[in-house]
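Summary of structural features
These are the residues of each chain, in order.
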Amino acid sequence: FREGEKYYILGDLQKSFTFFERALEINNFSAGSHFNVAQIYTENRKLDKAIPFAEKAIELDSTNKFYYLQAANIHTTIGELGEAERIYSELIRKVPDTDNHLFDLAAIQLYQKKYDAAIQTYTRAEKRQGVMEEIFLQRQQIYLKNNKRDEALKEGRDLIKLYPNQNTHLINWVSTMISMNRLDEAKTFLNDEL
């Protein structure tokens, strides 16, 4: 295992791979060896061969976030977004202090057009990490894509309340109102703000 790591650091992936293979022959229950073999396959763009090793690493050690991230990235790269979503969900559920990956989960859900799930994920992120401008903007965009205008406008109003000195939020909200042909409301709002 140490020799495999040494050659990996030196950039000799072939020798590194040979040593990690040998390590697995000696101890097939080494999560680290499975992880490293998956990493070498990934770097050699043999993602189909990397997947079983990445998933075996998780199976053997479900507490290491890097194992989950590797598997999720491989599945994302080859377009298996459902699998990537499952892995991110499992990571967040099983490994402490991984709430920041709720944003990765939401992004995967958005790519799959699972808009309601993405909104729920952003709301979970907000509850766990606190109020963030990015969360409001993402939810607003999702609502607009789904033609949920009132919800989109509410997100915009809440954002303006939270960041009253940022005129960009005000301008974006008024632009959204105008695009929805709610001209009187936009005019009233602007007059009140001015």
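Just above, that's the structure.
Our subject in this report is the structure included herewith. Owing to the predicted nature of the structure, the values given are computational and were not obtained by experimental measurement. (Residues numbered from 1 in each chain as written. Predicted model: local features only at pLDDT ≥ 70, side-chain atom pairs only at ≥ 80, totals over all residues. Heavy atoms only, no water.)

Bringing the pattern of salt bridges into the picture now. All chains considered together, the criterion is met by 14 salt bridges. The closest approach of N and O atoms between glutamate 155 and arginine 139, which form a salt bridge, is 3.2 Å. Here glutamate 155 is found in helix α10 (residues 149-162), whereas its partner arginine 139 is found in helix α9 (residues 133-145), with 16 residues between them in sequence. Just as glutamate 155 is buried, arginine 139 falls in that class too. Aspartate 150 is paired through a salt bridge with arginine 182; the nearest N and O atoms lie 2.8 Å apart. Here aspartate 150 is found in helix α10, whereas its partner arginine 182 is found in the loop between α11 (167-179) and α12 (183-193), with 32 residues between them in sequence. One network of salt bridges, with partners in common, ties together Glu83, Arg86, Glu90 and Lys94. (Salt bridge = Lys/Arg side-chain N within 4 Å of Asp/Glu carboxyl O. Helix = DSSP H or I, 4+ residues; strand = E, 2+ residues; numbered from the N terminus. Buried < 20%, exposed > 50% of the residue type's maximum accessible area, 1.4 Å probe, protein only.)

Mapped onto the secondary structure, glutamate 3 falls in helix α1 (residues 2-10). Residue class for glutamate 3 comes out partly exposed when judged on its relative accessible area of 33%. Separated by 15 residues in sequence, glutamate 3 and threonine 18 have C-alpha atoms that sit 9.5 Å apart. Polar contacts involving the side chain of glutamate 3 include one to the side chain of lysine 6, which spans 3.2 Å. (Polar contact = N/O pair within 3.5 Å; in protein donor to acceptor, adjacent residues only side chain to side chain.)

Once that is clear, we can look at empty space enclosed by the protein. Within the structure shown, the criterion is met by one cavity of 30 Å³ or more. Approximately 40 Å³ is the volume found for the largest cavity. Lining the largest cavity are Leu137, Gln140, Gly156, Leu159, His169, Asn172 and Trp173. In terms of residue count, the dominant contributor to the lining of the largest cavity is α11 (three residues). Considered class by class, the residues forming the lining of the largest cavity number three nonpolar, four polar and no charged. (1 Å grid on protein atoms, 1.4 Å probe; cavity = no way out; pocket = protein on both sides within 12 Å on 5 of 7 lines; lining within 4 Å. Points joined across faces, edges and corners; volume = space filled by probe spheres on them. Nonpolar A, V, L, I, M, F, W, Y, C, P; charged D, E, K, R; others polar.)

Looking now at the packing of helix α2 (residues 13-26) against helix α3 (residues 31-43). At a minimum axis separation of 9 Å, α2 and α3 run at an interaxial angle of 150°. As judged from the angle between their axes, α2 and α3 are roughly antiparallel. Of the two elements, α2 crosses α3, and the hand of that crossing is left-handed. Contacts between α2 and α3 involve Leu13, Ser16, Phe17, Phe20, Ala23 and Leu24 on the former and, on the latter, Ser33, His34, Asn36, Val37, Ile40, Tyr41 and Glu43. Residues of the contact of α2 with α3, tallied by class, amount to eight nonpolar, four polar and one charged. (Axes fitted to C-alpha atoms, helices over the stretch in contact; angles between N-to-C directions. Parallel < 35°, antiparallel > 145°, perpendicular 65-115°, else oblique. Left-handed = near helix turned anticlockwise from the far one by under 90°. Contact = heavy atoms within 4.5 Å.)

Before going further, it helps to spend a moment on the packing of aromatic side chains. The geometry of two aromatic rings is summed up by the distance between their centres and the angle between their planes. Per the counting criterion, the structure on display carries seven aromatic pairs. Each ring, one from tyrosine 7 and one from phenylalanine 19, has its centre 5.6 Å from the other, and the planes form 0°; the classification is stacked. With a gap of twelve residues between them, tyrosine 7 in helix α1 and phenylalanine 19 in helix α2 connect regions that are remote in the sequence. Looking at tyrosine 7, the relative accessible area reads 18%, which means it is buried. Through pairs of rings, three or more aromatic residues link up here, namely Phe17, Tyr41 and Phe53. (Phe/Tyr/Trp six-rings, centres within 6.5 Å; stacked < 30°, edge-to-face > 60°.)

Note that histidine 101 resides in the loop between α6 (81-94) and α7 (102-111). Judged by relative accessible area, histidine 101 falls into the buried class, the value being 9%.

Spatial relationships are all this shows, so hold off on functional conclusions.
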